[in-house]
Amino acid sequence: MRRFNTNAQITDMYLNKLTIKEASEGLKKKKFTSVELTQACLARIKKRNPEINAFISIFEEQALEEAKKADEMIKKKKQKALTGIPFCVKDAINTLDRRSTGSAKILDNYISPYEATVIRKIREQGAVLIGKNNCDAFGHGASNENSMYGPVKNPHDLTKVAGGSSGGTAAAVADDMCIFGIGEDTGGSIRQPAAFCGIVGLRPSYGRNSRYGIMPMASSLDTVGPLTKTVEDTAILMEIMAGHDPLDATTVESPKRRDAKFCVCTEKSIKSLRVGVPREYFSVDGMDEEVKRVIEKEIEKLKKLRNLEIVEVSLPMTKYAIPVYYIIVPSEDSSNLGRLDGIRYGVRADAKNLYDTYAKTRARGFPEEVKRRIMIGTYALSAGYFDAYYRKAQKVRTLIIKDFECVFSDVDLLITPTTPTPAFGIGEKKDNVLAMYLADVFVSPAAVAGLPAISVPVGNTKKGLPVGLQIIGPRLSEDLVLKFANLCE
Amino acid sequence: MLKLFQVFYLSYFWYNIFRMALTTKVIEQVAALARLELSEKEKKMYAEQLSVVLGYIGMLNDVNTDNVIETSQVTGLEDVTREDKVVERSEEIKKKLIEIFPDRVGRLLKVKAVFENTDAQI
């Protein structure tokens, strides 16, 4: 587990490397100020971002202003959970009075007049918004190459992708350009880049965190979650982010019971846990041998824990998750993206009539993958095809959910690799649509079923690329997922 | 892995050419419905790629879904409602919304005429 000696002399040199917990304690004990902490992050951004391209917007002036206010609050002993801690947000999430492009040129000039609920909650706790992250445009992609602001590079190897779609956020957190980040996961967009960049990324249960203010992709799958340096930080953020929001009718109340709080724990407090390893997640074509070895080694390590039983299980519907995903997502996507027409906001193209205004605005403002999804979705929803595609996918979705329900009647949690390979090369899959879609093969099933799942870094390949372990739990079992994830970290 | 997918891609590509490849005419119709202007190059590219993707998705036909109820949401929540009430927003928010209009006359949003040149549409 990643830990720094907080008693040691803290210099500006590594303030940006701190976790939420460490930064919060340091601020409280007045070892450093929020301005110093924010400056350390900004210095790191200036040094590394030109290469990595993790940010679309950097709010230097406003961030230092917010940090100054945070320092005053700390002086007055009014420190809250995140007071003075710099963070970054995926650009497909709206932030009040700040540019929010979704990584597409159609919103290049868009200054959001409102704020996503989760971001409001985090900023109310005093966090300092340092910048907005590059991502696949509107979350469409698994490599961050579908951004109209250039690809994000993996901090561990600049020739590799950072993963997607929340690639900029994952790279920024992994490279210590901020203390934590907020991303969005529709089919793996938090977990997959977290695994590629070697950090912790949680996709909460659908309905756990409010989606209000998120640029909608597939409304029946979208979730918002944290990307952090430790599991403990994720738990801290979930306590703040989770809960019912009147502005999102799909949200559920947060657990009130004390034992269901989002927190981490030690081996001792785990009381008899049965964990399943689904065999389908180890036998796909193209599975990387090194990834398999790292995960198997981790499983061997876990077997030695007290009160923990690991058994092999089967999820036969696994292979259908990607085809289901690539009908449901483009269908809901193409409907949601209808609002982006250059009429009320965004960049409008000059045209001679209304039809051309729409068609040209969208042609210029969307990248290739966004257009591709609009085309797939519009086709799948068009008259005569609805039953064959969308309704069929929804029915298979039911069977995938039943698959998980059946397994969870036997085991408490599932562990799998997060991805079949480590981060792949930039440009490697760019012209092969299907290969790119299959990069999400292990992360999409939990998304389709609306389950919570976390990716935790558990090792590296020989070339130093991180490998992530995925832990999937039953619906609304984030507390258990986090507790167990802490033991794997 | 890449090689395998390339083989996969090509075999599916040819499979679809013979079976259900989308013509550029279908692509044009879909693009018009989606209000999306496509270049000739894009039409050809999307015709090929959509055929591949839809061909791959076709594997769902192997799954028996008789008597299976479709899932449209996973929360288990039912009939979540709120009062249908207009909420007045502050002048400040109204000003911000008007400021981000791409084109305007005073406080009014400016758009091209809605009822003309309808023959360009489907």
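Residues numbered from 1 in each chain as written. Chains lettered and ligands numbered in written order. Predicted model: local features only at pLDDT ≥ 70, side-chain atom pairs only at ≥ 80, totals over all residues. Heavy atoms only, no water.

**Student:** Lay out the interface of chain A and chain B with the relevant residues and their values.
**Tutor:** At the interface, 72 residues of chain A touch 62 residues of chain B. Of the roughly 6100 Å² buried between chain A and chain B on both sides combined, carbon and sulfur atoms contribute 70%. Taken together, chain A and chain B are joined by 4 salt bridges. Here A:R391 ties to B:E70 by a salt bridge, and the two come within 2.7 Å at their closest N and O atoms. Along the contact surface separating chain A from chain B lie 17 residue pairs in polar contact (both at pLDDT 80 or more). Mapped by element, the contributors of at least two residues to the side of chain A that touches chain B are α9 (321-336), α10 (354-365), α11 (368-381), α12 (387-408), α13 (433-438) and α14 (444-449) of chain A. Looking at the side of chain A that touches chain B element by element, the count peaks at 11 residues for α12(A). Within the side of chain A that touches chain B, the residues separate by chemical class into 39 nonpolar, 14 polar and 19 charged. (Contact = heavy atoms within 4.5 Å. Buried area = accessible area lost by both parts, 1.4 Å probe. Salt bridge = Lys/Arg side-chain N within 4 Å of Asp/Glu carboxyl O. Polar contact = N/O pair within 3.5 Å; in protein donor to acceptor, adjacent residues only side chain to side chain. Helix = DSSP H or I, 4+ residues; strand = E, 2+ residues; numbered from the N terminus. Nonpolar A, V, L, I, M, F, W, Y, C, P; charged D, E, K, R; others polar.)

**Student:** Provide a residue-level description of the packing of helix α2 (residues 34-52) of chain A against helix α3 (residues 60-75) of chain A, including the pertinent values.
**Tutor:** All names here are of chain A. The geometry of α2 relative to α3 is characterised by a closest axis approach of 8 Å and an angle of 160 degrees between their N-to-C directions. Considered as vectors, α2 and α3 are oriented roughly antiparallel to each other. By crossing handedness, the relation of α2 to α3 is classed as right-handed. Note on element contacts: α3 touches α2 through E60, A63, L64, A67, K68, A70 and D71, opposite S34, V35, T38, Q39, L42 and K46. Residue composition of the contact of α2 with α3, by class: 6 nonpolar, 3 polar and 4 charged. (Axes fitted to C-alpha atoms, helices over the stretch in contact; angles between N-to-C directions. Parallel < 35°, antiparallel > 145°, perpendicular 65-115°, else oblique. Left-handed = near helix turned anticlockwise from the far one by under 90°.)

**Student:** Requested: an account of the nonpolar core, with residues and values cited.
**Tutor:** Residues and elements named next belong to chain A. Counting 119 residues, the largest nonpolar core has F138, F404, I415, I471 and F484 as the members making the most contacts within it. Counting residues per element, this core draws most heavily on α12, which supplies 10 residues. Of all hydrophobic cores here, the second largest spans 55 residues; its members include L18, I74, A127 and I179. (Core = buried A, V, L, I, M, F, W, Y, C linked by side-chain atoms within 4.5 Å. Buried < 20%, exposed > 50% of the residue type's maximum accessible area, 1.4 Å probe, protein only.)

**Student:** Describe the pairing of strand β3 (residues 128-133) of chain A, with residues and values.
**Tutor:** All names here are of chain A. Most of β3 is tucked away: 6 of the 6 residues are buried. Two elements, strand β1 (residues 55-58) and β3, share 3 bridges in a ladder whose sense is antiparallel. Residue S57 lies in a different strand from β3, and its bridge partner there is K132. In terms of strand pairing, strand β2 (residues 86-90) meets β3 through 5 bridges, oriented parallel. Residue pairing for β3: V89 is matched across the bridge by K132. After leaving β2, the chain enters helix α4 (residues 117-124) and then returns to the sheet as β3, a path that is right-handed. (Pairing = 2+ DSSP bridges. Right-handed = clockwise from strand over helix to strand, strands pointing away.)

**Student:** Describe in detail the packing of aromatic side chains, supporting the description with residues and values.
**Tutor:** The relation between two aromatic rings is expressed through the spacing of the ring centres and the mutual angle of the planes. Residue and element names in this part refer to chain A. For the coordinates displayed, the defined rule picks out 13 aromatic pairs over all chains. Ring centres 5.1 Å apart and planes at 15 degrees place the aromatic pair F87 and F180 in the stacked group. Taken as a pair, F87 in strand β2 and F180 in strand β6 (residues 180-185) lie far apart in primary sequence, 93 residues in all. F87 gets classed as buried once you look at its relative accessible area, which sits at 0%. With centroids separated by 5.8 Å and ring planes inclined at 90 degrees, the aromatic side chains of F196 and F424 adopt a geometry described as edge-to-face. Within this pair, whereas F196 is found in helix α6 (residues 191-197), its partner F424 is found in the loop between β11 (413-417) and α13, the two being separated by 228 residues in sequence. (Phe/Tyr/Trp six-rings, centres within 6.5 Å; stacked < 30°, edge-to-face > 60°.)

**Student:** Please provide a residue-by-residue account of α11(A), values included.
**Tutor:** With 14 residues, α11(A) extends 20 Å between its outermost C-alpha atoms, agreeing within 8% with the 20 Å of an ideal straight helix rising 1.5 Å per residue. Judged by how many residues are buried, α11(A) sits mostly within the fold: 12 of 14 residues are covered. Every buried residue of α11(A) is listed here: A:E369, A:V370, A:K371, A:R372, A:R373, A:I374, A:M375, A:I376, A:G377, A:T378, A:Y379 and A:A380. Buried-residue contacts for α11(A) involve α9, α10, α12 and α13 of chain A together with α2 (24-33) and α3 (40-57) of chain B. (Expected span 1.5 Å × (residues − 1).)

**Student:** Account for the layout of surface pockets, with residues named and values stated.
**Tutor:** Within this model, the largest pocket holds a volume of roughly 1400 Å³. Contributing to the lining of the largest pocket are 40 residues, with A:Y114, A:Y212, A:G213, A:L247 and B:R89 lying nearest its centre. Elements represented by at least two residues in the lining of the largest pocket include exactly α4 of chain A together with α4 (91-99) of chain B. Residue composition of the lining of the largest pocket, by class: 22 nonpolar, 6 polar and 12 charged. (1 Å grid on protein atoms, 1.4 Å probe; cavity = no way out; pocket = protein on both sides within 12 Å on 5 of 7 lines; lining within 4 Å. Points joined across faces, edges and corners; volume = space filled by probe spheres on them.)

**Student:** Explain α4(A) to me, using residue names and the numbers behind them.
**Tutor:** In an α-helix, one turn spans 3.6 residues, which is why side chains three or four residues apart end up on the same side. Of all the residues in α4(A), the buried ones are A:T117, A:V118, A:I119, A:K121 and A:I122. Following α4(A) by one or two positions, A:G126 has its phi on the positive side, about 100 degrees.

**Student:** Requested: an account of the sheet that holds strand β9 (residues 273-278) of chain A, with residues and values cited.
**Tutor:** Residues and elements named next belong to chain A. Reading across from one edge, β1-β3-β2-β6-β8-β7-β12-β13-β11-β9-β10 is the order of the 11 strands in this open sheet, with mixed pairing throughout. Two strands bound the open sheet, and with one partner strand each, they are β1 and β10 (308-313). With strand direction ignored, the average angle separating the axes of adjacent strands in the sheet is 25 degrees. Against the sheet, α4 engages β2, β3, β6 and β8 (223-228), with an angle of about 175 degrees to β2.

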